[in-house]
Amino acid sequence: MKNDYNSYLQTIKEFGEVEQVKHPLIYLSGLPNARPMETIVFETGEVGHILSLNEDTIEATTFSRQSVKIGTKAARTNTFFQVPVGNNVLGKIVDPTGQLRSSTQSWSADEYRDVEGGRALLQERSKITKPLFTGVSIIDLMLPLGSGQRQMIVGDRQTGKTSILLSILTTQARLGSIIVYASIGKEQSEISRISQYCQNAGVLKQTVIVASSASDSPSLVDMTPYTAMTIAEYFKDQGKDVVLILDDLTTHARYYRELALLGKRFPGRDSYPGDIFYKHARLLERAGNFVQGKKNVAITCLPVSETIEESLTDYITSNLIGITDGHFLFSQEAFNRGRRPAIDLFYSVTRVGRQTQQTAIRELNHQLMRLLSDYEKALKFAHFGAELIEETKQLLHTGSLTHAFFEQRTGVDVPQAVQTIAVGLILLKAFDDLNPDDIASIRQSLTEAYQQDKAFQKQATELLTAATSDEFLTQLDANKESILKICKPKN
């Protein structure tokens with residue numbers, strides 16, 4: 001959108017004048033036909049949009065770091081706030097107005113879209129039936145995601161939330177999805193780190209980073225997730241699956257609270273205005289699985305929320321739990337014990353992901369969950385120093401092997417067939433003579449064999465056609481010897 005005050009003034013023939021400034025909020029007189037959320041352009045070149053209409057004044061906000069001066073004139077544009085979208089934005093870092101952060105030059109947009117977007121009708125939505133493969137074993141096997149799911153990533157600071165997001169980003173980009181990463185109110189160094197990671201992983205051309213920094217205007221930070229969602233909707237309309245990462249909505253809420261309190265909106269719980277739930281719900285409901293012609297396309301949304309001492313009753317976190325389809329809770333205790341990723345299986349939830357799993361894998365999921373639950377109980381019992389029976393020792397060893405398999409570094413992508421076969425061999429006690437430290441090497445050997453050995457790839461594919469977990473384990477047991485030959489731990 002061009003920032004030409006005189007052009008809009010001549011076209012619409014309405015202007016207002018700034019009467020009061022509480023940067024980034026401003027109050028104007030004039031503009032008799034203004035509408036909420038309409039974009040306005042100032043004679044000094046800044047752009048803003050209208051928040052509310054009062055009896056005598058119009059409350060608006062600007063996106064510039066510098067404050068607009070009292071007496072500055074503003075013209076209506078008769079449009080809602082729009083951002084440029086198009087295929088050329090791939091591989092770029094843009095601000096919430098759609099402009100490149102690293103350059104004063106613009107990029108070639110295919111069209112402009114309102115950040116408010118359109119709401120899909122019920123008949124345009126479809127049941128989530130397609131799995132979203134992340135390459136992270138503990139997620140794909142234990143807490144599966146569906147394509148189009150809204151899954152919150154929640155936990156304390158420095159517990160590995162961003163690392164898991166980068167792993168999911170890499171895997172999905174390599175599978176052909178478009179990635180839109182919203183970095184909300186972050187330091188410039190964090191934005192650069194994400195961009196550099198995507199560059200090193202070779203997925204930057206599949207990725208758009210919408211970034212606002214901590215030094216930007218609060219109104220610009222507030223707009224960041226809506227711009228990211230608008231870009232995601234553009235690619236969805238092109239028939240492409242999109243993974244949208246919103247990092248993070250706790251920061252977003254804090255900036256919106258600042259705006260709301262400046263505007264003298266009534267503060268509610270934890271000093272947040274009551275409409276923060278509406279703002280986040282209005283945003284996240286735009287994700288989902290959609291009917292497009294004869295196929296489905298999805299926007300899978302992964303909003304991040306930061307907690308203090310893992311309190312899921314925190315206001316913003318509990319709001320998001322009510323909006324999303326589940327959450328991954330990152331545990332500080334598990335992180336301190338060295339588990340990566342530090343996901344707490346027993347406090348994490350996926351409400352629609354399991355319906356996308358094959359029956360055999362879903363049944364393996366139940367077996368593994370029972371095993372790990374019994375393992376945690378036995379571990380607490382063992383801490384008392386009691387003499388353990390052989391059955392309990394076996395349980396502790398199998399549980400430790402399973403946790404060792406779920407240990408995974410950022411960027412390590414484990415194929416689903418390898419995940420399923422490996423945990424099947426653990427359940428069959430094929431690795432009982434090994435130490436947990438050997439499991440990572442075995443996983444690497446299986447992954448390399450699956451990627452390079454077509455015979456093993458065919459064998460693995462056939463095993464995954466089993467109708468039930470019992471059938472899968474029976475067939476795996478019959479093929480165990482040939483598989484164990486290719487996954488000996490490396491010295």
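Residue positions are given per chain, counting from 1 as you read along its sequence in written order. The predicted origin of the model limits local features to residues at a pLDDT of at least 70 and limits the giving and counting of side-chain atom pairs to 80 or more, whereas totals for whole chains, interfaces and linings rest on all residues. Values shown for side chains rest on all heavy atoms present in the structure; no hydrogens or waters enter the calculation.

Visitor: Outline the overall build of the chain, supporting the account with residue identities and numerical values.
Guide: The secondary structure content of the chain amounts to 16 helices and 19 strands. Overall, the chain is about 85 × 50 × 45 Å in size when its C-alpha atoms are taken along their principal axes. Buried positions account for 55% of the 491 residues belonging to the chain. Any two residues whose heavy atoms approach within 4.5 Å are treated as being in contact. Long-range contacts, defined here as pairs at least 24 residues apart, represent 74% of the contacts in the chain between residues at least 6 apart. The average position of the 53 basic charges and that of the 57 acidic charges among the side chains of the chain differ by 3 Å. A run of H or I in DSSP becomes a helix once it reaches four residues, and a run of E becomes a strand once it reaches two; helices and strands are each numbered from the N terminus. Three exposure classes are used, based on accessible area relative to the maximum for each residue type with a 1.4 Å probe and protein chains only: buried under 20%, partly exposed in between, and exposed over 50%. Asp and Glu are treated as the negative residues and Lys and Arg as the positive ones, with His and the ends of the chain left uncounted. The location of each charge is read from NZ of Lys, CZ of Arg, CG of Asp or CD of Glu.

Visitor: Talk me through the state of the cysteines; I want residue IDs and the actual numbers.
Guide: In plain terms, two cysteine sulfur atoms within 2.5 Å form what is called a disulfide here. Within the structure shown, the criterion is met by zero disulfides. Just so you know, C198 is unpaired, no disulfide at all, and the nearest cysteine sulfur is the one on C301, 17 Å from it. Residue C198 is classed as buried on the basis of its relative accessible area, which comes to 0%.

Visitor: Describe helix α8 (residues 315-323), with residues and values.
Guide: Listed as buried for α8 are Y315, I316, T317, N319, L320 and I323. Contacts from the buried residues of α8 go to β12 (152-155), α6 (249-262), α7 (276-284) and β17 (295-306). Capping of α8 at its N-terminal end is provided by D314; its side-chain oxygen lies 3.3 Å from the backbone amide nitrogen of I316. Polar contacts here mean pairs of N or O atoms no more than 3.5 Å apart (in protein, one a potential hydrogen donor and the other a potential acceptor; neighbouring residues in sequence count only if both atoms are side-chain atoms).

Visitor: So what's going on with the pattern of salt bridges? Which residues, and what values?
Guide: Pairing of side chains with opposite charge becomes possible as their charged atoms draw close. The salt bridge criterion pairs a side-chain nitrogen of Lys or Arg with a carboxyl oxygen of Asp or Glu, the two atoms within 4 Å. Considering all chains together, one arrives at 21 salt bridges under this definition. With a shortest N-O distance of 3.9 Å, E17 and K73 are connected by a salt bridge. With a gap of 56 residues between them, E17 in strand β1 (residues 15-22) and K73 in strand β6 (residues 73-80) connect regions that are remote in the sequence. Since its relative accessible area comes to 28%, K73 is described here as partly exposed. Three or more residues are tied together by salt bridges with common partners; here these are E14, R35, E38 and R76.

Visitor: Describe the environment of N200, listing the residues and the values that go with them.
Guide: The residue N200 is located in helix α4 (residues 188-201) in this model. By relative accessible area, N200 is classed as exposed at 61%. As for N200 and I26, which are separated by 174 residues in sequence, their C-alpha atoms are 43 Å apart.

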